[in-house]
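# Residue-level structure breakdown
Take a look at the letters that make up each chain.
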Amino acid sequence: HEKETAGIDRSLYAVMRYGGALVAVEAGENRVFRGQDPNRNFALTASSAATCRDISQAPTPGFSKAIAGYFGGRKYPVLTLHNNDDGYSGAGGLGTISARRSSASMTGMMTPTPKGALSDEDNAILLAGTQTFDTNSAAQKAVKAFHAAGINVIYEHVRPERNDCSFSFFVKMNGLGEYYNIEAQHGAVEAQKTMVDALMSYLKIAPLY
């Protein structure tokens, strides 16, 4: 989201430091563009979007195909960066994402080895998979590594019947690659940078300099 300045800053850092490509949606420095959240706008058909409450009008397959087109049929690690508000709104905070909470689709896992501000509940690496976490050995391995580094993890179980037309669901439902989202509280620039570096190290992607 264009208003999430720390995420934009660290996405530029990630591309310059590790390579890859950056895709951004211009939205006038707002979260939404003409009433539509760009991260809730991924659907190729009306039937696939039937469960999506946040598509303001009809699905826009052209938008989804344009983003998917950058992959060129190849599978890459997909990294998104988001910023959120302090604390979970259901527990007296202001945000919607927290590693302390779990839901029907999300499993939050706070690190057992916290390292200061890095391990705040609002800072986490989100993994997405089509399997349950208990049956996803790759996700379990990643959680173990990130927890050891003092990083919280959120696991998102992607199922078509719970599709919210977010990019994580679109990537996994269409087999575009492994999906990672680095969530950090607004202004937590250093924590987000540390999580970028930790993820790249885990993926064995060496820095360019």
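Preceding this paragraph is the structure being described.
Residues numbered from 1 in each chain as written. Predicted model: local features only at pLDDT ≥ 70, side-chain atom pairs only at ≥ 80, totals over all residues. Heavy atoms only, no water.

Bringing the overall build of the protein chain into the picture now. The helix and strand inventory of the protein chain stands at 5 helices and 5 strands. Ordering the α and β elements of the protein chain from the N terminus gives α-α-β-β-β-α-β-α-β-α. For the protein chain, whose C-alpha radius of gyration is 16 Å, the value lies close to the compact-globule estimate of 17 Å for 209 residues. Judged by the C-alpha coordinates and their principal axes, the protein chain covers about 45 × 40 × 35 Å. In the protein chain, which comprises 209 residues, the proportion classed as buried is 44%. Considering only intrachain contacts with a sequence separation of at least 6, the fraction spanning at least 24 residues in the protein chain is 68%. Of the accessible surface of the protein chain, which amounts to about 10800 Å², a share of 53% is contributed by carbon and sulfur atoms. Here the protein chain holds 20 positive side-chain charges and 20 negative ones, and the gap between their average locations is 8 Å. (Helix = DSSP H or I, 4+ residues; strand = E, 2+ residues; numbered from the N terminus. Rg over C-alpha atoms; globule rule 2.2 N^0.38 Å. Buried < 20%, exposed > 50% of the residue type's maximum accessible area, 1.4 Å probe, protein only. Contact = heavy atoms within 4.5 Å. Areas by Shrake-Rupley, 256 points an atom, 1.4 Å probe, with all protein chains shown as cover. Lys, Arg positive; Asp, Glu negative; His and termini not counted. Charge placed at Lys NZ, Arg CZ, Asp CG, Glu CD.)

We now examine the state of the cysteines. Tallying each qualifying case throughout the model produces 1 disulfide. The partner cysteine of Cys-52 in its disulfide is Cys-165, sulfur to sulfur 2.1 Å. Judged by the torsion about the S-S bond (80 degrees), the Cys-52/Cys-165 disulfide is right-handed. Remark: Cys-165 occurs in the loop between β4 (152-157) and α4 (167-173) and Cys-52 occurs in the loop between α1 (5-18) and α2 (61-69); sequence separation between them is 113 residues. (Disulfide = S-S within 2.5 Å.)

Another point: the environment of Ile-97. You can see Ile-97 is positioned in the loop between β1 (78-84) and β2 (106-109). With 62 residues separating them along the chain, Ile-97 and Gly-35 place their C-alpha atoms 22 Å apart. Ignoring anything within four residues of it in the chain, the contact list for Ile-97 reads Asn-84, Met-106, Asp-122, Ile-154 and Glu-183.

Moving on, we come to the pattern of salt bridges. Taken as a whole and assessed by the stated rule, the structure comprises 8 salt bridges. Salt-bridge contacts for Arg-10 lead to Glu-190; the nearest nitrogen and oxygen are separated by 3.2 Å. Taken together, the positions of Arg-10 in helix α1 and Glu-190 in helix α5 (residues 189-202) put the pair 180 residues apart, joining distant regions of the chain. Residue Arg-10 is classed as buried on the basis of its relative accessible area of 11%. With a relative accessible area of 51%, Glu-190 lands in the exposed category. One salt bridge in this structure joins Asp-164 and Arg-40, with 3.9 Å as the shortest N-O distance. On the criterion of sequence distance, the pair formed by Asp-164 in the loop between β4 and α4 and Arg-40 in the loop between α1 and α2 is long-range, its members being 124 residues apart. (Salt bridge = Lys/Arg side-chain N within 4 Å of Asp/Glu carboxyl O.)

As far as function goes, none of this settles anything; it's purely spatial.
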